[in-house]
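Reading the structure
Each chain is listed here by its residues.
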Amino acid sequence: MEIEAKFLVSGRDVFDKLMNIDSVSEFSVSDPVLKEFSDIYLDTLDMAIYSSGFSFRCRDKKDKVVYTLKSLKSASYLIHMREETEFTLSEKLPVKEWNDCDLKNRVLKMTGSGNLFPLFLVEHKRTDLQVYNRERHVAELSFDDVIIICGNNKKSYLELEVELMGDGTEDELHQIAAFFRDEVGLVVGSSSKFDNGLELCMENIQQDAKSFDYGVNPDDVQITSLSIKDMFEEYSIEKEHARKVAENSLMLFDVLKPIHALDENLRQTLRFGALVHDIGVMTDVSTHHKVGRDILLSTCPEELPYPLYLFLPWMTFLHKKRIDKKKLLKLSQNKNFSRLPLQMQDDILKMSAILRLADALDYSRMDSKIVDIDLEKEDIVIKVKGPGADIDADRADTKADLWRLLFEKDVYFREDY
């Protein structure tokens, strides 16, 4: 259990002065020790760990790597109490490759077969001071010079963390925290580094949305929003498949970009489209592409802003059935689709072509993996490996019909032995 108080420090002069403090109320303080390290926060594409009420980070301390699972719950305004579980390694390794331990089992229970991806990076310059009550080690003061990096977005700030140590009591921690709040005048911090990093991630998606000028009038759109977590629960979306399709989609988007030439700022839209593409299955499996379209015309993930959520109904509608020129013509005459700007329609079709391939590559539900995408030959060759690779490669070849209608460079799938 981590028990701490957190404070924001508004100015560098105050920060530097406090780092050289020699006493806190009646407690003595050791000499400062400078440390530098970086944290990478990780989660699945559907944020399974976050949805379970935790954050998961990999802290690189140069001589070792510490993985930490930390609960997001806090007990009070001043003192934060969070469950914390750590595991230390000599090098970075995927969780699935760790020796058996409690942390490995807990993380895998949350994530299943889903892969972990970096959310954001936190760089620290930390100065630690130890607080004593005579011989008892009661607390640690950590003065953090923080830079959070998420894509091209950055946030820097100064903060103080006061953490209870093994010989201290919660009353003593309250006393130390009250000193910094009442006598020094520091502002109590309510946001963790994870909170601040997640905010940057959402800002990036907002910026992605603002970068597009499709010419759609938001006043014409009547829609309610739910979190991805709530959408998964309300519509009983198959999580393992949704994650796998999202992973496949982003890999295909990245490697095939020289062919599809979609704007990089549509990448997160493809992720959300993949996560909800089967939202209609539990309502009516035989027509779930139509049911899903209708659900997403009135409900969108709250994490995906306007106008990007307008892609989702049509990506869902286009992911299932065979597609030919006649069906594309019929789609262009649909009153809801045809009112979208032509550039948006074109982007939706390209995104749907990628989603169809990604979905097909998990048709067997046997965790097939894309092991190679070769763009150097006349046609694109995608190699797939796994116990169901032959099934998935065959299915992907069938569902490459939309890709072949849109792009000159053909795509083929091969089982990798």
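Attention in this report is confined to the structure presented alongside it.

Quick notes on the rules
Numbers given for residues are sequential positions, taken from 1 along each chain in its written order. Residue-level local features of this predicted model are given only where pLDDT is at least 70; pairs of side-chain atoms are given and counted only at 80 or more, and the full residue set underlies all totals for whole chains, interfaces and linings. Here the side-chain values reflect all heavy atoms present in the structure, with hydrogen atoms and water set aside. Here a helix means four or more residues in a row that DSSP labels H or I, a strand means two or more in a row labelled E, and each is numbered from the N terminus. Each residue gets one of three labels from its accessible area relative to the maximum for its type: buried under 20%, exposed over 50%, partly exposed in between, using a 1.4 Å probe on protein chains only. Note on contacts: a residue pair qualifies if any of its non-hydrogen atoms lie within 4.5 Å across the two residues. Polar contacts, as used here, are pairs of N or O atoms within 3.5 Å; protein pairs need one atom able to donate a hydrogen and one able to accept it. Residues neighboring in sequence count only if both atoms are side-chain atoms. Each patch is built from residues that are more than 30% exposed by relative accessible area and take part in no salt bridge. Like charges join if they lie within 9 Å; nonpolar side chains (Val, Leu, Ile, Met, Phe, Trp, Tyr) join within 5 Å. Using the Shrake-Rupley algorithm and a 1.4 Å probe, accessible areas are obtained, with residue cover drawn only from the displayed protein chains. A carboxyl oxygen of Asp or Glu within 4 Å of a side-chain nitrogen of Lys or Arg is what we treat as a salt bridge. Criterion for a disulfide: a pair of cysteine sulfur atoms within 2.5 Å. When two rings of Phe, Tyr or Trp (its six-membered ring) have centres within 6.5 Å they constitute a pair, described as stacked for plane angles under 30 degrees, edge-to-face for angles over 60, and tilted for the intermediate range. Both a distance and an angle decide whether a charge sits over a ring: NZ of Lys or CZ of Arg must be within 6 Å of the ring centre and within 35 degrees of the ring normal. Think of it this way: Lys and Arg go in the positive column, Asp and Glu in the negative one, and His and the chain ends go nowhere. A 1.4 Å probe that fits but cannot get out identifies a cavity on a 1 Å grid over protein atoms alone, an open set with protein on both sides within 12 Å along at least five of seven lines counts as a pocket, and a residue lines either if it has an atom within 4 Å of a point. Grid points are joined across faces, edges and corners, and a volume is the space filled by probe spheres set on the points. Here the nonpolar group is Ala, Val, Leu, Ile, Met, Phe, Trp, Tyr, Cys and Pro; Asp, Glu, Lys and Arg are the charged ones; every other residue, Gly included, is treated as polar. Charged groups are reduced to one reference atom each: NZ for lysine, CZ for arginine, CG for aspartic acid, CD for glutamic acid. Here the axes come from fitting lines to C-alpha atoms, over the contacting stretch only for helices, and the angles between their N-to-C directions go from 0 to 180 degrees. Any angle that is under 35 degrees is reported as roughly parallel, and any over 145 degrees as roughly antiparallel; angles of 65 to 115 degrees are reported as roughly perpendicular and all others as oblique. By convention the crossing between two helices is left-handed if the near helix lies anticlockwise of the far one by an angle smaller than a right angle, and right-handed if it lies clockwise.

For the protein, the helix and strand inventory stands at 16 helices and 17 strands. Dimensions of the protein, computed from C-alpha atoms along their principal axes, come out at roughly 80 × 55 × 40 Å. Looking at the protein as a whole, 53% of its 417 residues are labelled buried. When contacts within the protein are restricted to residue pairs at least 6 apart in sequence, long-range pairs at least 24 apart make up 69% of them.

Time to look at the side chain of Gln130. Considering the arrangement of structural elements, one finds Gln130 in strand S9 (residues 117-133). Here His137 takes part through its side chain, which lies 2.7 Å from a polar atom of the side chain of Gln130. In contact with Gln130, other than residues within four places in its own chain, are Ser28, Val29, Ser30, His137, Ala139 and Glu140.

For the rest of this paragraph, the subject is a nonpolar patch on the surface. A surface patch of nonpolar side chains, amounting to about 270 Å² of accessible area, comprises Tyr363, Met366 and Ile391. Its place among the elements puts Tyr363 in the loop between helix H14 (342-360) and strand S15 (369-374). Judged by relative accessible area, which is 45%, Tyr363 ranks as partly exposed.

With that settled, consider the state of the cysteines. Counted according to the given criterion, the structure contains zero disulfides. No disulfide involves Cys101; its nearest neighbouring cysteine sulfur is the one of Cys58, lying 14 Å away.

Scanning all chains against the criterion turns up 17 aromatic pairs. Relative to Phe317, the ring of Trp314 has its centre 6.2 Å away and its plane inclined at 85°; by these criteria the two rings are edge-to-face. Of this pair, Trp314 and Phe317 both sit in helix H11 (residues 312-318), three residues apart, which is roughly one turn of that helix. For the ring pair Trp403 and Phe407, a centre distance of 4.2 Å and an interplane angle of 40° mean the geometry is tilted. Comparing Trp403 with Phe407, the two get one shared label, buried. Members of the aromatic cluster, connected to one another through ring pairs, are Tyr41, Tyr50, Phe120 and Phe194. The positively charged end of Arg293 is found above the aromatic ring belonging to Phe317, 4.7 Å away from the centroid.

Time to look at the side chain of Glu140. Tracing the sequence through the fold places Glu140 in strand S10 (residues 136-150). Of the buried charged residues, Glu140 lacks a salt bridge, with Lys35 as the closest side chain of opposite charge at 4.8 Å. Looking at Glu140, its side chain comes within polar contact range of the side chain of Gln130, at 2.9 Å. Apart from the residues within four sequence positions on either side, Glu140 is in contact with Asp128, Leu129, Gln130, Glu161, Val162, Glu163 and Met165.

Taken as a whole and assessed by the stated rule, the structure comprises 31 salt bridges. Of the charged contacts, one joins Lys244 and Asp367 as a salt bridge, the two residues approaching to 3.1 Å between their closest N and O atoms. Of this pair, Lys244 sits in helix H7 (residues 239-255) while Asp367 sits in the loop between H14 and S15, and the two are 123 residues apart along the sequence. The exposure class of Asp367 is partly exposed, given its relative accessible area of 28%. Between Lys369 and Asp367 there is a salt bridge, with its nearest N and O atoms 3.1 Å apart. Overall, the relative accessible area of 39% leaves Lys369 in the partly exposed class.

On to the layout of surface pockets, then. If a probe the size of a water molecule is rolled over the atoms, the empty space left behind becomes visible. In this structure, the largest pocket spans a volume of roughly 990 Å³. In terms of lining residues, the largest pocket is bounded by 35 residues, among which Leu119, Cys201, Ile205, Gln268 and Arg271 are the most central. Taken together, the elements giving at least two residues each to the lining of the largest pocket come down to helix H2 (48-51), S9, S10, helix H5 (193-210), helix H6 (228-234) and helix H9 (267-275). Among the elements that make up the lining of the largest pocket, the one with the highest residue count is H5 (seven residues). A breakdown of the residues in the lining of the largest pocket according to their chemical character gives 17 nonpolar, ten polar and eight charged.

What follows concerns a negative patch on the surface. Side chains of Asp230, Glu233, Glu234 and Glu302 sit close together on the surface and give a patch of like negative charge. Mapped onto the elements, Glu302 comes out in the loop between strand S14 (299-301) and H11.

To continue, consider the packing of H7 against H14. The contact between H7 and H14 brings their axes to 8 Å, and the two run at 125°. Relative to H14, H7 is oriented oblique. Crossing geometry of H7 relative to H14 is assigned as right-handed. Counted together, His241, Val245, Asn248, Ser249, Leu252 and Phe253 of H7 and Met351, Ile354, Leu355, Leu357, Ala358 and Asp359 of H14 form the full contact between these two elements. A class-by-class count of the residues in the contact of H7 with H14 yields eight nonpolar, three polar and one charged.

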